[in-house]
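The primary structure of each chain is shown beneath.
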Amino acid sequence: MRTRSAVFIQIRDLLGFGLTIAAAVLLILRGSEQLGYNWHWRQVPRYFYTLIDGQFLPGPLLKGLALTLEITAISLVLAGVLGLMTALLRLSSSLIGRGLARFYLESIRNTPLLVQLFFLYFVMAPIFDIGRTATAVLALSLFEGAYASEIFRAGIESIGRGQWEACHSLGLSRAQTYGRVILPQALRRILPPLTSQAVSLIKDSALVSTIAVYDLTMEGRTIIAETFLTFEIWLVVAALYLGLTLTLSVLANGLERRYPRIA
Amino acid sequence: MELNKQSINRDEVIIVAEHLVKTFPGPVLALDDFSIRVKRGEVLVVIGPSGSGKSTLLRCLNGLEAIDSGTIVIDAIPLDHHESNRLAIRREVGMVFQSFNLFPHLSVLENINLAQCLVRKKSKPEATRTTRELLAKVGLGEKIDSYPDELSGGQQQRVAIARALALRPKVMLFDEATSALDPEMIGEVLEVMRTLAEEGMTMVVVTHEMGFAREVSDRVVLMEAGRLVEEGATEQFFLQPVQERTREFLRQIL
Ligand SMILES: Nc1ncnc2c1ncn2[C@@H]1O[C@H](COP(=O)(O)OP(=O)(O)OP(=O)(O)O)[C@@H](O)[C@H]1O
Ligand SMILES: [Mg+2]
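Residues numbered from 1 in each chain as written. Chains lettered and ligands numbered in written order. Predicted model: local features only at pLDDT ≥ 70, side-chain atom pairs only at ≥ 80, totals over all residues. Heavy atoms only, no water.

A. Quick look at the interface of chain B and chain A. Residue-level contacts link 26 residues of chain B with 19 residues of chain A. Carbon and sulfur atoms make up 60% of the surface buried where chain B meets chain A, a total of about 2000 Å² over both sides. Sorting the residues of chain B by area buried against chain A places Arg90, His105 and Leu118 of chain B first, and these three jointly supply 30% of that buried surface. At the surface where chain B touches chain A, the tally comes to one salt bridge. Here arginine 59 of chain B makes a salt bridge to glutamate 165 of chain A, at a shortest N to O gap of 2.8 Å. Applying the counting rule to chain B against chain A returns nine residue pairs in polar contact (both at pLDDT 80 or more). Breaking the side of chain B that touches chain A down by element, the ones donating at least two residues are helix H2 (83-92), strand S6 (93-96), helix H3 (108-118) and helix H5 (153-165) of chain B. Taken together, the residues of the side of chain B that touches chain A break down into 15 nonpolar, four polar and seven charged. (Contact = heavy atoms within 4.5 Å. Buried area = accessible area lost by both parts, 1.4 Å probe. Salt bridge = Lys/Arg side-chain N within 4 Å of Asp/Glu carboxyl O. Polar contact = N/O pair within 3.5 Å; in protein donor to acceptor, adjacent residues only side chain to side chain. Helix = DSSP H or I, 4+ residues; strand = E, 2+ residues; numbered from the N terminus. Nonpolar A, V, L, I, M, F, W, Y, C, P; charged D, E, K, R; others polar.)

B. Focus on unusual backbone geometry. Residues and elements named next belong to chain B. Along the chain, glycine 26 connects to proline 27 via a cis peptide bond; the corresponding omega equals -5°. Following the sequence through the fold, proline 27 ends up in the loop between strand S1 (13-24) and strand S2 (28-39). A positive phi angle, near 50°, is found at histidine 19, a position not held by glycine. Position of histidine 19 among the secondary structure elements: in strand S1. For aspartate 33, which is not a glycine, the phi torsion comes out positive at approximately 55°. Topologically, aspartate 33 is positioned in strand S2. Here aspartate 33 falls in the partly exposed class, since its relative accessible area comes to 39%. (Buried < 20%, exposed > 50% of the residue type's maximum accessible area, 1.4 Å probe, protein only.)

C. Spotlight on the pairing of strand S10 (residues 227-233) of chain B. All names here are of chain B. Across six bridges, strand S9 (residues 219-224) lies against S10 in antiparallel orientation. Directly across from glutamate 224, in S10, lies its bridge partner arginine 227. The antiparallel hairpin formed by S9 and S10 contains two residues in its connecting segment, where alanine 225 sits at a positive phi of about 50°. (Pairing = 2+ DSSP bridges.)

D. Examining the site of ligand 1 more closely. All names here are of chain B. Ligand 1 sits among Phe24, Val28, Ala30, Pro49, Ser50, Gly51, Ser52, Gly53, Lys54, Ser55, Thr56 and Glu176. At a separation of 3.2 Å, an oxygen atom of ligand 1 approaches a polar backbone atom of serine 52. One of the side-chain nitrogen or oxygen atoms of serine 55 is found 2.7 Å away from an oxygen atom of ligand 1. Relative to its free-state accessible area of 630 Å², ligand 1 is covered by the protein chains to the extent of 64%. Those elements giving two or more residues to the shell around ligand 1 turn out to be S2 and helix H1 (54-61). (Near = heavy atom within 4 Å. Areas by Shrake-Rupley, 256 points an atom, 1.4 Å probe, with all protein chains shown as cover.)

E. Representation of the sheet that holds strand S5 (residues 77-78) of chain B in the model. Residues and elements named next belong to chain B. On the basis of which strands lie adjacent, the open sheet formed by four strands has the order S2-S1-S4-S5 and antiparallel pairing. Both edges of this open sheet fall to S2 and S5, since each of them pairs with a single strand only. Here S1 runs beside strand S4 (residues 69-74); their pairing, made up of five bridges, is antiparallel. Looking at S4, one finds that valine 21 is bridged to serine 69. Lying on the sheet, H1 is in contact with S1, S2 and S4; it crosses S1 at an angle near 120°. (Axes fitted to C-alpha atoms, helices over the stretch in contact; angles between N-to-C directions.)

F. Representation of the packing of aromatic side chains. With the rule as written, the count across this model stands at 10 aromatic pairs over all chains. Pairing tyrosine 49 of chain A with phenylalanine 56 of chain A gives two aromatic rings, centres 5.3 Å apart and planes at 20°, and the pair type is stacked. Under the relative-accessibility criterion, phenylalanine 56 of chain A is labelled partly exposed at 47%. Taken together, the ring pairs connect Tyr37, Trp39, Trp41 and Phe231 of chain A into an aromatic cluster. Taking the ring centre of phenylalanine 103 of chain B as reference, the NZ or CZ of arginine 163 of chain B above it sits at 4.4 Å. (Phe/Tyr/Trp six-rings, centres within 6.5 Å; stacked < 30°, edge-to-face > 60°. Lys NZ or Arg CZ within 6 Å of the ring centre and 35° of its normal.)

G. View of a nonpolar patch on the surface. Taken together, the side chains of Leu114, Phe118, Phe119, Phe122, Val123, Ile127 and Phe128 of chain A make up a nonpolar region of the molecular surface, amounting to roughly 680 Å² of accessible area. Within the element layout of this structure, phenylalanine 128 of chain A appears in helix H4 (residues 113-128). (Patch = residues over 30% accessible without salt bridge, like charges linked within 9 Å, V, L, I, M, F, W, Y side chains within 5 Å.)

H. Fine view of the pairing of S2 of chain B. By the bridge criterion, nine bridges tie S1 of chain B to S2 of chain B in an arrangement that is antiparallel. Counted as the bridge partner of alanine 17 of chain B is isoleucine 36 of chain B from S2 of chain B.

Now the structure itself:
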């Protein structure tokens, strides 16, 4: 049961949060007024969707959001798989495997994502005939996968030697030990850093607009170029990204609460 | 499961370890030309001062540590470089650790079922039947759905013993199974070990519980600096040790 004072603190915090937001909004409004900016919020909804003869037509913002979702979802899965495999390679006894993993990690982590994206888009894509969206997915997966692999590795290494030894003495194979004992515990532990990596992926995905992939950011830029609704659209685009990342955090939180065993 | 101790051929050797040498970086000579034989159904207690190599011996016997030289044969399977042999020995030799090492994310049932299903390829109902049997045996029938962190140390260790027994091992190794326990829980674990011994399980036991050693073991070995100081039948070992070092050690701990 919550105590009175806990409820009071929550209400106080909520009030504080509300006031801060209100102050920020006020500041922006005042600032934009001084700039002589004319707000045209009523023009914004049509870039989400239009209704023609009662038919729902998604606008550029929704289309961009859908593509951003698609790109990040696929990249998330690929980065996860790539990250886990790289971590396992690094922890394996194979010298070649470890070297390969190291090479991948070092080259990704020591070059800018934007350069990787351009390299894939201008060099690799023409050679291997890869589409734009696929190039975007590939770049994001490779990039976030490298960081995810470090998280996986730390998680796996955090599981005590005793767990390995118990599995060994029970005759479990290495794969069984990883799959049934080590990874389930490690995953639970690394869920928070893994979530923030996923949030980074969503944010970094905005960079794919530089190779003319029509994601949320690119659609926003295009609308602004045509309509000069600069303030409105950037605010909306930012809010949409915020919505995406917050949803992800809430989902991860739920997952964490569902598997509370082992802290 | 019930084995009649009398029906066992007491002369059949199940563990043969010869000229074991194990060094750790340092260098530490943890096992220094150590040899031991254990007969089927025998309970061997290994004692010795801290750092004398008792744990290392047990860990080498089930392949957790690789020996530098020497030979280990368990139930006619040589512990050599053949992966199939190593795996077979891991399956035939159960081990109980000082720190229990239960799987914290799995319930008691899942802890004990896991290897039965994965290693012995049993169906889940079949494994669960064995698990219930073993839990009843270690006196924890009602804890089947608990998680390790909901159990006391003594209860966790009994689950760990049940988990090792679930594979029907031919040999059980105990490395200070009661050392991490509060005094009032030591008895319940020793009781389970005593029952096992009475049923004819071959056991190699590292312990500081001299009362248990005298009562349950058939033979005692004293180690020091990776070497065998003295070995003898339990009564004789405690009452008429040959080596002066043994007498001194016994004086210290008794
Ligand atoms: N993994 C390791 N790395 C380095 N040295 C080790 C390792 N394991 C054991 N040793 C050393 O080997 C020697 C024997 O250790 P071991 O654990 O077998 O002793 P023990 O008889 O079990 O002692 P205790 O009664 O304290 O458990 C010790 O000197 C120890 O420091
Ligand atoms: Mg020890």
